[in-house]
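# Structural description and commentary
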Amino acid sequence: MRNAISFLCLSIAVFALGGCTSMPAVQVRTWDTTTEAVYPERGDPDYEVPWLDEKHDFGVAFSGGGTRAAAATLGQLRALQCLGWLDRARYVSAVSGGAWAAVPYLYLPSSEAEKAFLGDYVPPERLTDAHLAVAPVGSLTQAMDRAYPVWGTLGHLLRGHGDESFSAALGDIFLGPFGLGDRNKFFSSHSEAVKQIVKTNPHLDPDDFLLPQHGTPYLLVGSTLIGKPGGGRRHYFPVEMTPLYTGMMDRAPDPKRPGHFGGGFVESFGYDSKLSKPMEGSNREVEIGLPRYRMTLSDVIGTSGAAPQALFLRLTIDNVGFPEFRQWPVDASHAERETHFGDGGHVENIGLMPLLARKVSNILVFINTATPFEPGLNKAGEVHLYDDLVQFFREPRMRDGKVAEEMMEPNYERTELGDPSRVVIASGDTKLAELHAAFSKAQGNGQPLVYCGEYSIIDNKRFGVRAYENAKICWVYLDRTESWIAKLETEPNPALKRAIKWRNFPHYKTFFAPIVYIIRLKPRDANTLASLTAWTVISQRDTIGPELGLPPGSEEACTRR
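The present account deals with the structure reproduced in this document. Just so it is clear, the model here is predicted, and its values are computed rather than measured.

About the criteria used
- Residues numbered from 1 in each chain as written.
- Predicted model: local features only at pLDDT ≥ 70, side-chain atom pairs only at ≥ 80, totals over all residues.
- Heavy atoms only, no water.
- Buried < 20%, exposed > 50% of the residue type's maximum accessible area, 1.4 Å probe, protein only.
- Helix = DSSP H or I, 4+ residues; strand = E, 2+ residues; numbered from the N terminus.
- Arc of directions from axis to C-beta.
- Pairing = 2+ DSSP bridges.
- Contact = heavy atoms within 4.5 Å.
- Patch = residues over 30% accessible without salt bridge, like charges linked within 9 Å, V, L, I, M, F, W, Y side chains within 5 Å.
- Areas by Shrake-Rupley, 256 points an atom, 1.4 Å probe, with all protein chains shown as cover.
- Salt bridge = Lys/Arg side-chain N within 4 Å of Asp/Glu carboxyl O.
- Disulfide = S-S within 2.5 Å.

## Notes on helix H19 (residues 541–548)
Buried within H19 are the following residues: Arg541, Ile544, Gly545 and Leu548. In a view along the axis of H19, the buried residues occupy a sector of 95°, so they form one face of it. In H19, the exposed positions angled more than 90 degrees off the buried face are occupied by Asp542 and Pro546. Positive backbone phi, approximately 70°, marks Gly549, located one or two places after H19.

Below, the structure written as structure tokens:
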């Protein structure tokens, strides 16, 4: 009996660990950014993505916001694809819920998979409840309808996946249905980059890597390194996760020991690793260890969307499955340290900063917020806008030494005094007033909140932004658009009207909407929101296109898909 029990315990342990075979040491490339900005996708001959220079100098940013943002991003991707604008984009930047849609979309294996993922565009005057109630196989809508991360995280914890558990659960939801959830596979940007990796590491194989289709925009996903749990946002540092590399531009002091974080980028396949031995030049030999420590697409979407991490750490709750990575400085001046990572929205929830850091000239920003826009000012003299947007222009207004209660967005994170500055736009007061006035006018006319302006960008060292001129930015702010609702009335459909009146459409809560589902979004709610956001882009194509140097496209082309 004792032998039987021992065998059973051993079997459970092996199952939980998922295998104990460690990967041999690997060599990874690093890029030091402390003296100059280096972006390997365009600046390193051995790694640069061959089609990016042929693209228009155009980037798209998708904000965070849970499955609300994912559903809104779905509609926006649908519109960008059918207008032909996504094919012209050099960059796509995404945070949290925006990444839950953008990451799987950009790694889909075929145009057929893309069509199933996006679904069809239906103009509002032809939209019926029959269109909204469906969640086809292979669609992002179906994935959102099956989003139960709590049970998934618990399951992975029980299987011994530790701090990869939350990420693995999100991967099961948002990557697995599309053939992208294999946690034994790394990811990269193109086959030539993989050849460089395999040349240096012959024990690896090209089949070990997931790749996007040829010609896709280069992906930038925002995350946050939490240097000191419970220490406030001054110990939060922005991290970029991309197909080629992961890291932070700025070098930041480690608040828990002598040394520093960041100062450059590490090849993504070698992130979350242990320094093995010193090497000359820009290569480092590192140990990844067990298969579960491999950096995968699940880690990307899980880390960018790990919003509860900050709250748990403030409550001194640890080891509950949220992301931790072994972090070492690019100059290898000291050993790695296991560090907590959290939602990209902890430092910047819109995704604009990585595009500005690369001096992109034409930028389309989707602000898929839970904060409704209102004309006028609140009691603190502050505009009724999502505060992450305000802080690109200037520091938020204070009242009695505290952040005004009225300006705190009904989202997961709230503004705190002492936050590192996110200001990047010159003459911010004037430019913000122009944006607010344009949104007020559009809302008064029942039109989508869309405004395009030209900006001078100022330095922001923390985010790697260096000053440049003539940045054209079109802002698209999620809003309950009366002209879209009016078009729905041509189809007298009670169920459809209920969908736009329930739960503060379109500003669904980021979490617990409704409370029993955490982040799940039912097909009718997801499809209604995606229909609104797709129509917003298509209806405003004559405003956005000329400002950003894009072809006009047509609504007919979208309905013919």
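## Digging into the pairing of strand S8 (residues 245–253)
A large share of S8 lies buried, amounting to 7 of its 9 residues. Relative to S8, strand S7 (residues 236–241) is paired through 2 bridges, and the arrangement is antiparallel. Counterpart to Glu240 in the pairing with S8 is Gly247. Between S7 and S8, which pair antiparallel and follow one another directly, the connecting turn spans 3 residues. The pairing of S8 with strand S9 (residues 260–267) spans 7 bridges and is antiparallel. Paired with Arg251 across the bridge in S9 is Gly262. Turn length for the S8-S9 hairpin, with the two strands adjacent in sequence and antiparallel, is 6 residues, and the turn residue Gly259 shows positive phi of about 130°.

## Concerning the side chain of Ser167
Mapping Ser167 onto the fold places it in helix H9 (residues 165–174). Setting aside residues up to four positions removed in sequence, Ser167 forms contacts with Ser298, Asp299, Gly302, Thr303 and Pro323.

## Here's the deal with a nonpolar patch on the surface
Where nonpolar side chains cluster on the molecular surface, the patch consists of Tyr148, Val150, Trp151 and Leu154 and spans about 430 Å² of accessible area. Relative to the elements of secondary structure, Trp151 occurs in helix H8 (residues 149–158).

## Regarding the pattern of salt bridges
In the structure shown here, the tally under the stated rule is 18 salt bridges. For Arg29, the salt bridge is made with Asp44, and the minimal N-O distance between the two is 3.0 Å. Of the two residues, Arg29 sits in strand S1 (residues 26–32) while Asp44 sits in the loop between helix H2 (40–43) and strand S2 (58–62), which places them 15 residues apart along the sequence. This pair shows no difference in class: Arg29 is buried, exactly as Asp44 is. Where Asp388 meets Arg422, a salt bridge forms, and the shortest distance between an N and an O atom there is 2.9 Å. With a gap of 34 residues between them, Asp388 in helix H14 (residues 387–393) and Arg422 in the loop between strand S18 (402–403) and helix H15 (428–444) connect regions that are remote in the sequence. Residue class for Arg422 comes out buried when judged on its relative accessible area of 3%. What you see here is one network of salt bridges that share partners, running through Glu41, Glu240 and Arg358.

## Some thoughts on the state of the cysteines
Evaluation of the coordinates by the stated rule reveals 2 disulfides. Each sulfur in the disulfide pair Cys82 and Cys558 lies 1.9 Å from the other. Residues Cys82 and Cys558 share a disulfide whose torsion about the S-S bond is about 75°; that sign makes it right-handed. Linking Cys82 in helix H3 (residues 66–83) with Cys558 in helix H20 (residues 555–559), this pair joins segments that are 476 residues apart in sequence. Like Cys82, the residue Cys558 is buried in the burial classification. In this model, Cys452 is linked to Cys474 through a disulfide, with the two sulfur atoms separated by 2.0 Å. On the S-S bond that ties Cys452 to Cys474, the torsion sits near 110°, and the link is right-handed.

Spatial relationships are all this shows, so hold off on functional conclusions.
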